[in-house]
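Secondary and tertiary structure notes
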Amino acid sequence: MKHTACKISEAEWQVMKVLWEKSPLTATQIIGCLKPETQWNPKTIHTLIARLVKKEALAVNKDANLFQYYPIVSKEECMREETKSFLHKVYDGSIHLLVANFVKNESLSPQEIERLRKLLDEKVN
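This text gives an overview of the structure that appears in the document. (Residues numbered from 1 in each chain as written. Predicted model: local features only at pLDDT ≥ 70, side-chain atom pairs only at ≥ 80, totals over all residues. Heavy atoms only, no water.)

A closer look at the side chain of T38
Note the threshold: Helix numbering and strand numbering both begin at the N terminus, where a helix is a DSSP run of H or I of at least 4 residues and a strand a DSSP run of E of at least 2. Buried residues are those whose accessible area, probed at 1.4 Å on protein chains only, stays under 20% of the maximum for their type, while exposed residues exceed 50% and partly exposed ones sit between those limits. For the purposes of these results, a polar contact is taken to be a pair of N or O atoms within 3.5 Å, where, inside protein, one atom must be able to donate a hydrogen and its partner to accept one; residues adjacent in sequence count only when each atom of the pair is a side-chain atom.
Inspection of the secondary structure assignment puts T38 in helix α2 (residues 27–38). Exposure remark for T38: the relative accessible area of 19% places this residue in the buried category. Side-chain polar atoms of T38 contact the backbone oxygen of L34, separated by 2.7 Å.

Let's talk about the pattern of salt bridges
How we decide: Think of a salt bridge as a Lys or Arg side-chain nitrogen and an Asp or Glu carboxyl oxygen that are within 4 Å of each other.
All told, the structure shown has four salt bridges when counted by the stated rule. One salt bridge in this structure joins K7 and E81, with 3.8 Å as the shortest N-O distance. In this pair, K7 sits in the segment before α1 (10–21) while E81 sits in helix α4 (residues 75–91), placing the two residues 74 residues apart along the sequence. R117 is paired through a salt bridge with E114; the nearest N and O atoms lie 3.9 Å apart. Here E114 and R117 lie together in helix α6 (residues 110–124), a separation of three residues that amounts to about one turn.

Brief notes about the nonpolar core
What counts, and what does not: Only buried residues count toward a nonpolar core. Its members are Ala, Val, Leu, Ile, Met, Phe, Trp, Tyr and Cys residues joined through side-chain atoms within 4.5 Å. Contact between two residues is taken to exist if any of their heavy atoms lie within 4.5 Å; hydrogens are not considered.
Of all hydrophobic cores here, the largest spans 22 residues; its most connected members are V15, M16, I30 and I49. Mapped by element, the contributors of at least two residues to this core are α1, α2 and α3 (42–54). With six residues, α1 is the single largest residue contributor to this core. Ignoring any residue separated from it by four or fewer positions in sequence, one finds V15 in contact with I30, L34, L48, I49, L52 and L58.

Some details on the pairing of strand β3 (residues 66–71)
This is how it is decided: In this description, strands pair whenever DSSP reports at least two bridges between them.
Pairing geometry for strand β1 (residues 25–26) and β3, over two bridges, is antiparallel. If you follow L25 over to β3, its bridge partner there is Y69. Bridge analysis of strand β2 (residues 58–63) against β3 gives six bridges, and the strand direction is antiparallel. By the bridge assignment for β3, V60 is matched with Y69. The antiparallel pairing of β2 with β3 creates a hairpin that spans two residues between the two strands, and A64 there sits at a positive phi of about 55 degrees.

In structure tokens form, the structure reads like this:
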């Protein structure tokens, strides 16, 4: 997958999720996947696809008259970018403040706490 800054809108995320799940797909297939859950007009979905191609998050394979779209950025890469953006916007870049706020204000099961401990222990070692 291509390494590029993955700054995509919430609506564009919906298109990307469809293509991360299965690709390549035609615009008609993407519309078929999104229309039931979003009620978006097909023209709106075409616009989102075009934006994602322009942002270099999607590429298009032009076989004959069939345009098939596929992601050129990974879901993980976009998640990392979104996390960094959120962290800087909301917590001034402080992971400590994010984690502290999360731990204080969320109900965590014993299993979730144990998983967090293991992640932190792995980071230390």
